[in-house]
Amino acid sequence: MAALLITGGIVTVAGSAFADDDSGSGSDSGILSAFTGGDEESGEEGSEESSEGSDDESGSGSDEGSEGSEGEENSDQGGQDEDGQSERERRSAENNGMNEDVGEVEADNEGAEVEAAEARAAQEDPFPGRDEAADADEGDYVDIADVERNGNIGEGGVFRGGSYAVDCGVSDHNNSDNYMAAPGKRNGAQHVHDYVGNRTTNADSDDDSLQAAADDNQTSCVNEDGSTFFWPVLRDINGASPDDGEDGGSLDGNRGAILKPASVDLRFHGHGDREVQPMPTHLMMIMGNAKQGAQDGKNVNAKYTCSGGGNEDRITAQYPICGEGEQLTRILDYPSCWDGENLDSKDFRSHIFFPDDEGNCESDQTPIPALRITLKYDQPEGRTFQIDSFPNEQHDPATDHSDYENVATEAQNEAGAECIAGRIPAAQCTNIPREGTNS
């Protein structure tokens, strides 16, 4: 599974995680512009059934199915192997034909009998858990004023040095697919994702298709970065559902009006004592766990707060009830210590790790830029909002998660690392062009 290292970095959108401004510039093409509602939408999280190992969103199979076979790729990234097998076919095979959300998969090594049983279950019920769907519980919410000042919770979020950012807009398209965890499966996530960056991301995406789209400038990023970033949508449960009676929507327990973020900040940060290296092109990774309930809270990294009023020091894993004029803020922190060899792995976690509490990586790991995505929303009043989830996860705020594949150019990735090191002026570190910078 060792994937060939290909240097190249990723770019993020400007804005600090807790910046109070809501700029979030970029394509406004509408959160529903590419809504896919087919029975088997290949979503990031495949039907919940997937093999129990995965904590993300893989779908069919057992509750915890692995999010999707990482499909550790070789240097051909997305081409065919010696047997003429495509990257997506290989990933599907490694997942035993089950769609799993790439989250925290405990890969599918349970043995032939267990795997066969899971495969049969996936065929009988490709979208499991629907009978358990329910809205978030009252205890899933907390008044932001009641959250203690803690500065940070969970993993990641400890930064040092410079950063670089990319503006990819606030929402480009939606679907309930997950090509990483559930390649080729429509509605593999059983919940709707919001996408920015690569405009073509869907169940059938792979390295080749994403790269081709990037080369054709099919991206919402103003600097032509072709990377793909996605996360579950936030909904106003009192609003009209655009997908009532559809897969990924009300059939999977996700109802209400989809809220477009007021701003999206994509930023890569420095961290730790060692100099970060450029982000490798086609590196895939996930953060959080869409199936945390089925997996006893494993790999949870949900972080919420409210903008303004010094709330940046009040971080919670519950849905915060914000004060007047404040915005609901979701913080998505990614791992930033790479094994230096693989661009993905079966669980999408075994090749990439979080640094320690001081932001340092282990000596045998390569520090790469730490991606933080910050989403801000104009919050509906009261306890009337929730993120999409697998039906049996019942919109638990702890299931917040995000997926990312770097399709920036090598020049952009290298310039990003130079920005973090302080060798390029900060003014040139937002929306780095495809050819890099002249500094």
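An account of the accompanying structure is given in this report. (Residues numbered from 1 in each chain as written. Predicted model: local features only at pLDDT ≥ 70, side-chain atom pairs only at ≥ 80, totals over all residues. Heavy atoms only, no water.)

What follows is about the overall build of the protein chain. When you go through the protein chain residue by residue, the secondary structure sums to 4 helices and 18 strands. Once local pairs closer than 6 in sequence are excluded, the contacts in the protein chain between residues at least 24 apart make up 79%. For the protein chain, the accessible area works out to roughly 14,800 Å², and carbon and sulfur atoms hold 42% of it. (Helix = DSSP H or I, 4+ residues; strand = E, 2+ residues; numbered from the N terminus. Contact = heavy atoms within 4.5 Å. Areas by Shrake-Rupley, 256 points an atom, 1.4 Å probe, with all protein chains shown as cover.)

A word on the packing of aromatic side chains. For the structure on display, the rule yields 10 aromatic pairs. Ring centres of Phe 229 and Tyr 404 lie 4.9 Å apart, and the angle between their planes is 35°; on these two criteria the pair is classed as tilted. With Phe 229 in strand β5 (residues 228-232) and Tyr 404 in strand β18 (residues 401-405), the pair connects residues that are 175 residues apart, well separated along the chain. A relative accessible area of 0% means that Phe 229 is categorised as buried. On the numbers, 5.5 Å between centres and 65° between planes, the contact of Tyr 304 with Tyr 319 is edge-to-face. Taken together, the residues span a long stretch of sequence, with Tyr 304 in strand β10 (residues 304-306) and Tyr 319 in strand β11 (residues 319-321) at a distance of 15 residues. An aromatic cluster of at least three residues, connected via ring pairs, comprises Tyr 164, Phe 229, Phe 268, Tyr 334 and Tyr 404. Over the aromatic face of Phe 390 sits the side chain of Lys 291, whose NZ or CZ is 4.8 Å from the ring centroid. (Phe/Tyr/Trp six-rings, centres within 6.5 Å; stacked < 30°, edge-to-face > 60°. Buried < 20%, exposed > 50% of the residue type's maximum accessible area, 1.4 Å probe, protein only. Lys NZ or Arg CZ within 6 Å of the ring centre and 35° of its normal.)

Structurally, Pro 367 can be placed in strand β15 (residues 366-367). On the basis of relative accessible area, Pro 367 is assigned to the buried category, the value being 4%. Counting along the chain gives 90 residues from Pro 367 to Gln 277, while the straight-line C-alpha distance between them is 6.1 Å. Look past the residues within four positions of Pro 367 in its chain and what remains in contact with it is His 271, Arg 274, Glu 275, Val 276, Gln 277, Ser 336 and Cys 361.

Tyr 164, Phe 229, Trp 231, Leu 266, Met 279, Ile 373 and Tyr 404 are the most contacted members of the largest nonpolar core, which totals 49 residues. Counting residues per element, this core draws most heavily on strand β16 (residues 370-377), which supplies 4 residues. In this view, Ile 373 contacts Phe 229, Trp 231, Val 264, Asp 265, Leu 266, Arg 330, Ile 331, Leu 332, Tyr 334 and Ser 402; residues no more than four positions away in its chain are not counted. In terms of nonpolar packing, the next biggest core, distinct from the first, is built from 10 residues, Tyr 179, Met 180, Ala 214 and Phe 348 among them. (Core = buried A, V, L, I, M, F, W, Y, C linked by side-chain atoms within 4.5 Å.)

What follows concerns the pairing of strand β4 (residues 193-197). Counted residue by residue, β4 has 5 buried out of 5 residues, so it is predominantly covered. Where strand β3 (residues 173-175) meets β4, 3 bridges bridge the pair, whose relative direction is antiparallel. Directly across from Asn 175, in β4, lies its bridge partner His 193. One ladder, built from 5 bridges, connects β4 with β5; its direction is antiparallel. By the bridge assignment for β5, Gly 197 is matched with Thr 228. (Pairing = 2+ DSSP bridges.)

So, about the side chain of Ser 171. Within the secondary structure, Ser 171 is located in the loop between β2 (163-166) and β3. On the accessibility criterion, Ser 171 (0% relative accessible area) is buried. A polar atom in the side chain of Ser 171 sits 2.6 Å from the side chain of Asp 194. (Polar contact = N/O pair within 3.5 Å; in protein donor to acceptor, adjacent residues only side chain to side chain.)

Bringing helix α3 (residues 207-215) into the picture now. Asp 207, Leu 210, Ala 213 and Ala 214 are the residues of α3 that are buried. For α3, the arc enclosing every buried residue in end-on projection is 135°, short of the 170-degree limit, so these residues lie on one face. Its side-chain oxygen placed 3.1 Å from the backbone nitrogen of Asp 208, Asp 206 serves as the N-cap of α3. With its phi angle positive at about 60°, Asn 217 sits one or two positions after the end of α3. (Arc of directions from axis to C-beta.)

As for its position among the elements, His 271 is in the loop between β8 (263-269) and β9 (284-288). At 3.2 Å, the side chain of His 271 and the side chain of Ser 336 are in polar contact. Among all residues touching His 271, those that are not within four sequence positions of it are Val 158, Phe 159, Arg 160, Val 276, Ser 336, Cys 337, Pro 355, Gly 359, Cys 361, Pro 367, Ile 368 and Ala 370.

Its 12 residues give helix α4 (residues 410-421) an end-to-end C-alpha distance of 17 Å, which sits within 8% of 16 Å, the value for a rise of 1.5 Å per residue. By the burial criterion, the buried members of α4 are Gln 412, Asn 413, Ala 415, Gly 416, Ala 417, Cys 419 and Ile 420. The inward-facing, buried residues of α4 contact β2 and β8. Gly 422 occupies a position one or two residues after α4 and carries a positive phi of about 85°. (Expected span 1.5 Å × (residues − 1).)

Now for the sheet that holds strand β17 (residues 385-387). If you trace the 3 strands from one edge of the open sheet to the other, you get β7-β6-β17, paired in antiparallel fashion. Unpaired on one side and paired on the other, β7 (257-259) and β17 mark the two borders of the sheet. Ignoring strand direction, the axes of neighbouring strands in this sheet form an average angle of 35°. Pairing of strand β6 (residues 234-236) with β7 involves 3 bridges; the strand directions are antiparallel. Among the inter-strand pairings, Asp 236 is bridged to a residue of β7, identified as Ala 257. (Axes fitted to C-alpha atoms, helices over the stretch in contact; angles between N-to-C directions.)

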